[in-house]
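Each chain is listed here by its residues.
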Amino acid sequence: TASWANLWQAFRSGEAILPLTIGCGLHVLAQASGINVIIYYGPKMFTLAGFPSSTAIFLSAGISACQMISTLLLSRLVDKVGRKPMMR
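Predicted model, so just to flag it, every value in this text is computed and none were measured.

(A) The overall build of the protein chain, seen in detail. Each helix and strand counted, the protein chain has five helices and zero strands in total. Across the protein chain, helices and strands are ordered from the amino to the carboxyl terminus as α-α-α-α-α. For 88 residues, the compact-globule formula gives about 12 Å, and the C-alpha radius of gyration of the protein chain, at 19 Å, lies well above that figure. Taken over the C-alpha atoms alone, the protein chain extends approximately 55 × 25 × 25 Å along its principal axes. Expressed as a percentage of the 88 residues in the protein chain, the buried residues total 7%. Total accessible area on the protein chain stands at roughly 7600 Å², and carbon and sulfur atoms take up 69% of it.

The following block contains the structure:
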């Protein structure tokens, strides 16, 4: 079973360096993509672009729905193909 001791041992032996580097790198890329800003400030940006408030909220909901659908579809793809083949 997995435990903190096993994780620490894998980290000290060097086995965990590559997975941690990849995981941290993907997290940085996700944050740098700016999607959080679009979702958080979306209604304000659409309103400033001239859309009515109700339309701005609808457009922001559409962006969130696209993100949710993409996440679900890609999760199924990763389950089907596997993580390692997709990382190559």
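(B) How the structure looks around the side chain of Ser 60. You can see Ser 60 is positioned in helix 4 (residues 53–81). Sequence-distant contacts of Ser 60, defined by excluding residues within four places in its chain, comprise Gly 42, Pro 43 and Phe 46.

(C) Broad picture of the layout of surface pockets. The space that makes up the largest pocket amounts to roughly 250 Å³. Lining the largest pocket, in full, are Leu 18, Pro 19, Ile 22, Gly 23, Leu 26, Arg 83, Lys 84 and Met 87. Sorting the residues of the lining of the largest pocket by element identifies helix 2 (17–32) and helix 5 (83–87) as the ones contributing at least two each. It is helix 2 that provides the largest number of residues to the lining of the largest pocket, a total of five residues. Across the lining of the largest pocket, the residue classes break down as five nonpolar, one polar and two charged.

(D) Geometry of the packing of aromatic side chains. Scanning the model with the defined rule gives three aromatic pairs in all. Taking the centre distance of 4.7 Å and the plane angle of 85° together, the rings of Tyr 40 and Tyr 41 count as edge-to-face. Judged by its relative accessible area of 63%, Tyr 40 falls in the exposed class.

(E) Region of the structure containing the environment of Ala 16. Here Ala 16 lies in the loop between helix 1 (4–13) and helix 2. Aside from chain neighbours lying at most four places away, what touches Ala 16 is Ala 10 and Phe 11.

Cut-offs used in this document
- Residues numbered from 1 in each chain as written.
- Predicted model: local features only at pLDDT ≥ 70, side-chain atom pairs only at ≥ 80, totals over all residues.
- Heavy atoms only, no water.
- Helix = DSSP H or I, 4+ residues; strand = E, 2+ residues; numbered from the N terminus.
- Rg over C-alpha atoms; globule rule 2.2 N^0.38 Å.
- Buried < 20%, exposed > 50% of the residue type's maximum accessible area, 1.4 Å probe, protein only.
- Areas by Shrake-Rupley, 256 points an atom, 1.4 Å probe, with all protein chains shown as cover.
- Contact = heavy atoms within 4.5 Å.
- 1 Å grid on protein atoms, 1.4 Å probe; cavity = no way out; pocket = protein on both sides within 12 Å on 5 of 7 lines; lining within 4 Å.
- Points joined across faces, edges and corners; volume = space filled by probe spheres on them.
- Nonpolar A, V, L, I, M, F, W, Y, C, P; charged D, E, K, R; others polar.
- Phe/Tyr/Trp six-rings, centres within 6.5 Å; stacked < 30°, edge-to-face > 60°.

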